[in-house]
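Below, each chain spelled out in residue letters.
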Amino acid sequence: MTILVTGGAGFIGSNFVLDWFAASDEPVVNLDKLTYAGNPANLAALEGDRRHHFVRGDIGDAALVARLLREHRVRAVLNFAAESHVDRSIAGPAAFIATNVTGSFQLLEAVRGYWAELPQDERASFRFLHVSTDEVYGSLDPGAPAFTEEHPYQPNSPYSASKAASDHLVRAWHHTYGLPVLTTNCSNNYGPFHFPEKLIPLVIHNALEGKPLPVYGDGRQVRDWLYVRDHCSAIRRVLDAGRVGETYNIGGCSEMANIDVVHTVCAILDELRPRADGASYAAQVTFVKDRPGHDRRYAIDAGKVERELGWRPAETFESGIRKTVAWYLEHEDWVANVTSGAYREWVSGHYRE
Ligand code: NAD
Ligand code: DAU
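So, here's what we can say about the structure. Think of each chain on its own: its residues are numbered from 1, step by step along the sequence as written. Just so you know, chain letters begin at A and ligand numbers begin at 1, following the order they were written in. Given that this is a predicted model, residues contribute local features only at a pLDDT of at least 70 and side-chain atom pairs are listed and counted only at 80 or more, while totals for whole chains, interfaces and linings are drawn from all residues. Excluding hydrogens and water, the side-chain figures rest on all heavy atoms present in the structure.

1. A few points about the site of ligand 1
Here is step 1: In the vicinity of ligand 1 lie 28 residues, with Ile12, Asp32, Ser84, Tyr159 and Lys163 positioned nearest.
Here is step 2: Whenever two N or O atoms come within 3.5 Å, that pair is a polar contact, provided that in protein one can donate a hydrogen and the other can accept it, and provided that, for residues adjacent in sequence, both atoms are side-chain atoms. Contact distances for ligand 1 include 2.6 Å between an oxygen atom and a side-chain N or O atom of Asp32.
Here is step 3: Within the contact set of ligand 1, an oxygen atom lies 2.6 Å away from a side-chain nitrogen or oxygen of Lys163.
Here is step 4: Throughout, the Shrake-Rupley method with a 1.4 Å probe supplies accessible areas, and for residues the shown protein chains are the sole cover considered. With the chains in place, 97% of the 840 Å² that ligand 1 exposes on its own is no longer accessible.
Here is step 5: A helix here means a DSSP run of H or I that spans at least four residues, while a strand means a run of E at least two residues long, and both kinds are numbered starting from the N terminus. Among the secondary structure elements, those contributing two or more residues to the shell around ligand 1 are helix H1 (11-23), strand S5 (127-133), helix H6 (158-177) and strand S7 (188-190).
Here is step 6: Take the shell around ligand 1: its biggest share by element is three residues, from S5.
Here is step 7: Its residues placed into classes, the shell around ligand 1 shows twelve nonpolar, twelve polar and four charged. Whether a residue is near a molecule or strand depends on its heavy atoms: if one lies within 4 Å, it is near. Amino acid classes used here: Ala, Val, Leu, Ile, Met, Phe, Trp, Tyr, Cys and Pro are nonpolar; Asp, Glu, Lys and Arg are charged; the rest, including Gly, are polar.

2. So, the pairing of strand S4 (residues 74-79)
Here is step 1: Under the scheme applied here, a residue whose accessible area is under 20% of the maximum for its type counts as buried, over 50% as exposed, and between as partly exposed, the area being computed with a 1.4 Å probe on protein chains only. Of all six residues that make up S4, five are buried, and the element is covered over most of its length.
Here is step 2: Sheet analysis places strand S1 (residues 2-6) next to S4, joined by five bridges and oriented parallel. Note that in S4 the partner of Ile3 across the bridge is Ala76.
Here is step 3: DSSP bridges decide pairing: two strands pair if at least two such bridges lie between them. Bridge count for S4 against S5 is four bridges, and the pairing is parallel. Bridging across to S5, Asn79 finds its partner in His130.

3. Some points on the packing of helix H2 (residues 62-72) against helix H4 (residues 94-116)
Here is step 1: Running from amino to carboxyl end, H2 crosses H4 at an angle of 35°, the nearest separation of the two axes being 9 Å. Two packed elements cross with a definite hand, and for H2 against H4 that hand is right-handed. Residues Ala62, Val65, Ala66, Leu69 and Arg70 of H2 pack against Gln106, Leu107, Ala110, Val111 and Tyr114 of H4.
Here is step 2: Residues of the contact of H2 with H4, tallied by class, amount to eight nonpolar, one polar and one charged. A fitted line through C-alpha atoms serves as each axis, taken over the contacting stretch for helices, and the angle formed by two N-to-C directions is quoted from 0 to 180°. By convention the crossing between two helices is left-handed if the near helix lies anticlockwise of the far one by an angle smaller than a right angle, and right-handed if it lies clockwise. Contact criterion: two residues are considered in contact whenever any of their non-hydrogen atoms come within 4.5 Å of each other.

4. Details of the state of the cysteines
Working definition of a disulfide: a covalent bond connecting the sulfur atoms of two cysteines.
Here is step 1: Throughout, disulfides are identified as pairs of cysteine sulfur atoms within 2.5 Å of each other. Tallied over the full model, the rule gives zero disulfides.
Here is step 2: Distance from the sulfur of Cys253, which forms no disulfide, to the nearest cysteine sulfur (Cys186) is 12 Å.

5. A few points about the site of ligand 2
Here is step 1: Taken together, 25 residues form the shell around ligand 2, and within it Thr133, Asp134, Tyr159, Arg291 and Tyr351 come nearest.
Here is step 2: One nitrogen or oxygen atom from the main chain of Pro214 is found 2.8 Å from a nitrogen atom belonging to ligand 2.
Here is step 3: For ligand 2, an oxygen atom lies 2.6 Å from a polar atom in the side chain of Arg291.
Here is step 4: Of all the secondary structure elements, the ones that give two or more residues to the shell around ligand 2 are helix H3 (86-91), helix H7 (199-209) and strand S8 (213-216).
Here is step 5: It is S8 that contributes the most residues to the shell around ligand 2, three residues altogether.

6. Comments concerning the nonpolar core
Here is step 1: Side-chain atoms within 4.5 Å are what join buried Ala, Val, Leu, Ile, Met, Phe, Trp, Tyr and Cys residues into a set we call a nonpolar core. Grouped together as the largest cluster of nonpolar side chains are 34 residues, with contacts concentrated most on Ile3, Val5, Phe16, Leu78, Phe80 and Leu129.
Here is step 2: Ignoring any residue separated from it by four or fewer positions in sequence, one finds Phe16 in contact with Ile3, Val5, Leu78, Phe80, Cys232, Ile235 and Arg236.
Here is step 3: Counting residues in hydrophobic clusters, the runner-up holds 32 residues, among them Leu213, Ile268, Ile321 and Trp327.

7. Points about H7
Here is step 1: Of all eleven residues in H7, eight are buried, a share of seventy percent or more.
Here is step 2: For H7, the full list of buried residues reads Ile200, Pro201, Leu202, Val203, Ile204, His205, Asn206 and Ala207.
Here is step 3: Downstream of H7 by one or two residues, Gly210 has phi in the positive range, about 75°.

8. Observations concerning the environment of Pro214
Here is step 1: With respect to the element layout, Pro214 can be found in strand S8.
Here is step 2: Remark: the alpha-carbon pair of Pro214 and Lys289, spanning 75 residues in sequence, is separated by 9.0 Å.
Here is step 3: Setting aside residues up to four positions removed in sequence, Pro214 forms contacts with Leu199, Leu202, Asn206, Thr286, Val288 and Tyr351.

9. Let's talk about unusual backbone geometry
In most cases, non-glycine residues show a negative phi, while peptide bonds are predominantly trans.
Here is step 1: Notably, Arg73 is not glycine yet its phi reads approximately 45°, a positive angle.
Here is step 2: As for its position among the elements, Arg73 is in the loop between H2 and S4.
Here is step 3: Taking the relative accessible area as the measure of exposure, Arg73 reaches 44% and is therefore partly exposed.
Here is step 4: Although it is not a glycine, Cys253 adopts a positive phi angle of roughly 55°.
Here is step 5: Topologically, Cys253 is positioned in the loop between strand S10 (247-250) and strand S11 (255-257).

Below, the structure written as structure tokens:
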């Protein structure tokens, strides 16, 4: 038995693969294009591990995917691969359509062809698990109930629209062709190996570099934060026991305004790595121009995955963010490694106004 993980060199995918091998010896074929966000260093702990088979390639390469599925007799595909950064989707949506929409379509077609040829018992137990986002549901007013799986899709950014499109394709491939799919829609993750273009690792990185901590608009936008290893455990649980064709919302029960997240990170840094001048890192907070179309609030109702599958997050935001800041302080070499020329170019272009 083998599983195929796509995007397994990215933030969540690499955490998933590492966690997988902590609990199982079942081999993983890891298909990743290694875009700017994919980093083989995330998987360094698996060097020489025969259970892990890394392949550099595109989910849109249907011939490659078909070959990997057949050669490794894959019993489940977990699709993490995506363009994932909202700001980049605003600056250049084409890559998001290419991977998240067309790539997902090609992947589904390759999987459908393979699955259709499997013997009856393997067809029945096969799973395609699609990893998606709460952003497909759009923005919530303050005080409105959290997103359930029945909430209408109202994506507002090129990123969320492209993820919504992929969710719809997955649904259609189940409804029309009977492909045994599962979809998870998760809130904001944070933790080790998070690329420092996203809020939390960016703030940690900039704080330590003595740079401004850029907060968009008034900083009162609300996100629901989930420690990445809790997301991984939820995905494993859905893969094992989720009902075919169903969608599961996954969240951390940790709604926070961005400015409060930034101040929490600053307070932990003040304690663990005080600034030389004794001032708080919070002095570096700088309010900058808002993200166009910025969604005001996301909140996840994770009641279904708890009721049906008994999953709950193990970490609170307080425990998870402390672990995360400590991880970044212990892995400054990892951050230096990913903050390559291409990364610096993006950051200097994006924050110039
Ligand atoms: P990421 O950007 O860190 O990693 C994406 C990975 O996919 C990278 O390794 C990249 O090289 C790879 N990739 C990109 N295009 C590819 C292609 N065409 N073929 C093969 N590989 C390709 O993203 P992430 O934060 O780890 O997110 C993983 C998934 O989880 C995405 O589908 C995202 O939409 C979803 N998600 C993310 C969050 C979050 O907070 N980060 C929350 C909910 C859902
Ligand atoms: O909700 C799930 C989504 O969470 C995932 O689907 C996305 O892949 C993931 O990137 C994340 O999207 P966000 O846009 O919420 O994450 P980001 O870290 O970019 O921003 C978090 C919040 O912080 C958001 O309200 C924008 C704000 N922000 C972000 C950056 C990068 C700032 O205020 N300043 C910044 O410099």
